[in-house]
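# Topology and contacts: notes
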Amino acid sequence: MSTEDTHANGSASAEVAARVERRWATIAVIIIVMMALLAAFAGIHRATMPQPRVETTDPSRIHLSGEFVESNLGSVLEANGNVTVRAIGQQYSFTPACIVVPVDTPITLRATSADVVHGILIQGTNINTMLVPGYISEQLMRFARTGDYLMPCQEFCSFGHEGMWGKVKVIDKTEFASRAKGGGRLSCVGQ
């Protein structure tokens with residue numbers, strides 16, 4: 001084998017390597033462009049499409065009439081065995097400040113804000129929702145074990161925000177059912 005053959009062979013393999021590199025680079029660029037287009041489409045689509053179900057309320061009247069009147073706040077055992085919790089976030093507290101719910105039961109949290117944007121974050125769970133004045137937030141949840149869960153406001157709502165804490169007390173189903181027998185709304189405020 002001569003030097004020219006080796007040089008020609010090396011040159012040919014360098015050309016093949018360059019072609020392969022160009023193909024992979026092209027494929028990588030196409031993938032990146034497609035991912036960017038997909039992300040843009042998803043963001044624009046989500047921003048322009050309304051939620052399937054939006055409920056509104058008048059934040060200036062929530063304490064006076066309707067679903068969020070004070071006598072209707074707290075937990076209630078529905079006829080089908082599920083629990084509905086209604087709550088209000090307002091500077092600088094949640095009403096009720098302590099929510100009592102049964103363990104291993106489907107729970108629907110319905111909440112709104114009376115003044116500014118607040119957030120409910122139940123620590124130790126994946127429950128996290130924003131409370132926007134004029135809109136009703138609905139969050140489905142279920143607790144696997146009993147205990148107390150802290151519920152801070154996770155949206156800065158002004159001075160005093162750091163003191164805006166609530167609590168969720170998860171109790172046994174039978175204890176909850178016995179408390180619910182009397183009717184009315186349940187909470188653990190003062191306990």
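Our structure's up above, just so we're on the same page.
Basis of the calculations
- Residues numbered from 1 in each chain as written.
- Predicted model: local features only at pLDDT ≥ 70, side-chain atom pairs only at ≥ 80, totals over all residues.
- Heavy atoms only, no water.
- Disulfide = S-S within 2.5 Å.
- Salt bridge = Lys/Arg side-chain N within 4 Å of Asp/Glu carboxyl O.
- Helix = DSSP H or I, 4+ residues; strand = E, 2+ residues; numbered from the N terminus.
- Buried < 20%, exposed > 50% of the residue type's maximum accessible area, 1.4 Å probe, protein only.
- Core = buried A, V, L, I, M, F, W, Y, C linked by side-chain atoms within 4.5 Å.
- Phe/Tyr/Trp six-rings, centres within 6.5 Å; stacked < 30°, edge-to-face > 60°.
- Contact = heavy atoms within 4.5 Å.
- Polar contact = N/O pair within 3.5 Å; in protein donor to acceptor, adjacent residues only side chain to side chain.
- Pairing = 2+ DSSP bridges.

### Some thoughts on the state of the cysteines
A full pass over the atoms with the stated rule returns one disulfide. Cysteine cysteine 153 shares no disulfide, and the gap to the nearest cysteine sulfur, in cysteine 157, comes to 4.1 Å.

### Details of the pattern of salt bridges
Considering all chains together, one arrives at eight salt bridges under this definition. In this structure, the salt-bridge partner of aspartate 148 is lysine 169, at a minimum N-O distance of 3.6 Å. Separated by 21 residues along the polypeptide, aspartate 148 in strand β9 (residues 147-152) and lysine 169 in strand β10 (residues 165-171) bring together distant segments of the chain. By relative accessible area, which is 46% here, aspartate 148 ends up partly exposed. When salt bridges that share partners are traced, they join Glu55, Glu67, Arg86, Arg110 and Glu138 into one network.

### A look at the nonpolar core
Formed by 30 residues in total, the largest nonpolar core has its most connected members in Val101, Ile120, Ile122, Phe143 and Val168. Listing elements by their share of this core, those giving two or more residues are β2 (83-90), β4 (98-102), β5 (107-113), β9, β10 and α2 (173-180). Ranked by the residues each element gives to this core, the list is headed by β4, at four residues. In this structure, Ile62, Leu73, Ile88 and Ile136 belong to the second largest nonpolar core, which totals five residues.

### Overview of the packing of aromatic side chains
Taken as a whole and assessed by the stated rule, the structure comprises one aromatic pair. Pairing phenylalanine 143 with tyrosine 149 gives two aromatic rings, centres 5.0 Å apart and planes at 45°, and the pair type is tilted.

### Some points on the environment of threonine 84
Summarising the element assignment, threonine 84 is placed in strand β2. Through-space distance from the C-alpha of threonine 84 to that of glycine 74 is 8.1 Å; in sequence the pair is ten residues apart. With residues near it in sequence (within four places) discarded, threonine 84 still touches Gly74, Ser75, Val76, Glu78, Thr108 and Arg110. Looking at threonine 84, its side chain comes within polar contact range of the side chain of glutamate 78, at 2.9 Å.

### Observations concerning unusual backbone geometry
Of all residues except glycine, most have a negative phi; of all peptide bonds, most are trans. With an omega of 0°, the peptide bond running from glutamine 91 to tyrosine 92 counts as cis. Within the fold, tyrosine 92 resides in the loop between β2 and β3 (93-95). With omega at -5°, the peptide bond leading from threonine 95 into proline 96 counts as cis. For proline 96, the position within the fold is in the loop between β3 and β4.

### Section: the pairing of β10
With five bridges joining them, β4 and β10 adopt parallel strand pairing. Among the inter-strand pairings, isoleucine 99 is bridged to a residue of β10, identified as valine 168. In terms of strand pairing, β9 meets β10 through six bridges, oriented antiparallel. Of the residues in β10, the one forming a bridge with leucine 150 is lysine 167.

### Quick notes on the pairing of β5
Among the seven residues in β5, seven count as buried, and that is most of the element. Burial along β5 is two-sided: Ile107, Leu109, Ala111 and Ser113 facing one way and Thr108, Arg110 and Thr112 facing the other are all buried. Across seven bridges, the pairing between β2 and β5 is parallel. Residue pairing across strands places alanine 87 opposite alanine 111, the latter belonging to β5. Bridge analysis of β5 against strand β8 (residues 137-141) gives five bridges, and the strand direction is antiparallel. Counted as the bridge partner of isoleucine 107 is methionine 141 from β8.

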